[in-house]
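Examining the three-dimensional arrangement
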Amino acid sequence: QVQLVESGGGLVQTGGSLRLSCAASGRTFSTYTMGWFRQAPGKEREFVATISARGRNTNYADSVKGRFTISRDNARNTGYLQMNSLAPEDTAVYYCASRRSVLLARIPNEYDYWGQGTQVTVSP
């Protein structure tokens, strides 16, 4: 019912910045919590950040706190993840997700819809 498409990934040097976008279908996106997750080779998918339906409340993983900012523009059905001060440890495929709830969640299984992911590679 909700389709998500990530974009904005790429190759960046240590200390650089990227902004990921998540384009969503349908009006219901604006009523759903959204989140960002990432998965590096050989590791399980991990929580990055989440934002409430109206964008008033956010939560971040400790590993990205102070460096990443999650936001959304419901009028455009788009979510964002601004990533600053990138380090090689941030290299992963980044996924956006949406949850049929207004409440924040940090667990992948709590999300109902997923994008295909966008690769972020940070060189030393």
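Whatever comes next refers back to the structure up there.
Residues numbered from 1 in each chain as written. Predicted model: local features only at pLDDT ≥ 70, side-chain atom pairs only at ≥ 80, totals over all residues. Heavy atoms only, no water.

The next point concerns the overall build of the protein. Looking only at helices and strands, the protein features 0 helices and 11 strands. When the helices and strands of the protein are listed from N to C terminus, the series reads β-β-β-β-β-β-β-β-β-β-β. Compactness check: the protein gives a C-alpha radius of gyration of 13 Å against a globular reference of 14 Å for 124 residues, within 12% of the reference. Here the C-alpha coordinates of the protein stretch approximately 40 × 25 × 25 Å along the principal axes. Buried residues in the protein amount to 46% of all 124 residues. For the protein, the share of sequence-separated contacts (at least 6 apart) that also reach a separation of at least 24 residues comes to 61%. Of the roughly 6500 Å² of accessible surface on the protein, a fraction of 45% belongs to carbon and sulfur atoms. (Helix = DSSP H or I, 4+ residues; strand = E, 2+ residues; numbered from the N terminus. Rg over C-alpha atoms; globule rule 2.2 N^0.38 Å. Buried < 20%, exposed > 50% of the residue type's maximum accessible area, 1.4 Å probe, protein only. Contact = heavy atoms within 4.5 Å. Areas by Shrake-Rupley, 256 points an atom, 1.4 Å probe, with all protein chains shown as cover.)

Moving on: the environment of Arg76. Relative to the helices and strands, Arg76 resides in the loop between strand E7 (68–73) and strand E8 (78–83). Along the chain, Arg76 and Ser30 lie 46 residues apart, while their C-alpha atoms are 9.3 Å from each other. A polar atom in the side chain of Arg76 sits 2.7 Å from the side chain of Asp73. (Polar contact = N/O pair within 3.5 Å; in protein donor to acceptor, adjacent residues only side chain to side chain.)

Now for the environment of Gln1. Among the secondary structure elements, Gln1 is positioned in the segment before strand E1 (4–7). What makes Gln1 exposed here is its relative accessible area of 80%. Sequence-wise, Gln1 and Asp62 are 61 residues apart; in three dimensions their C-alpha atoms are separated by 32 Å. Excluding residues within four positions of it along the chain, Gln1 makes contact with Ser25 and Tyr113.

Tallied over the full model, the rule gives 1 disulfide. Between the sulfur atoms of Cys22 and its disulfide partner Cys96 the distance amounts to 2.1 Å. One quick way to see it: the torsion about the S-S bond of Cys22 and Cys96 is about 65°, and its sign makes the bridge right-handed. Of this pair, Cys22 sits in strand E3 (residues 18–24) while Cys96 sits in strand E9 (residues 92–99); the two residues are 74 residues apart in sequence, bridging distant segments of the chain. Exposure remark for Cys96: the relative accessible area of 0% places this residue in the buried category. (Disulfide = S-S within 2.5 Å.)

With that settled, the discussion passes to the nonpolar core. The biggest cluster of nonpolar side chains holds 34 residues, and the ones touching the most others in it are Leu4, Trp36, Val48, Phe68, Leu81, Met83 and Tyr94. Elements with a minimum of two residues in this core: E3, strand E4 (33–39), strand E5 (46–51), E7, E8, E9 and strand E11 (118–123). Leaving out residues up to four positions away in the same chain, Leu4 has contacts with Cys22, Ala23, Ala24, Phe29, Cys96, Ala97, Ser98, Tyr113, Trp114, Gly115 and Gln116. (Core = buried A, V, L, I, M, F, W, Y, C linked by side-chain atoms within 4.5 Å.)

Scanning all chains against the criterion turns up 5 aromatic pairs. Seen in terms of ring centroids, Tyr32 and Tyr113 are 6.4 Å apart; in terms of plane orientation they differ by 10°. Their pairing is stacked. Placement of the pair is Tyr32 in the loop between E3 and E4 and Tyr113 in strand E10 (residues 113–114), with a sequence separation of 81 residues. For the pair Tyr32 and Tyr113, a shared accessibility class is recorded, and that class is buried. (Phe/Tyr/Trp six-rings, centres within 6.5 Å; stacked < 30°, edge-to-face > 60°.)

Any functional reading would require information beyond the geometric quantities listed.
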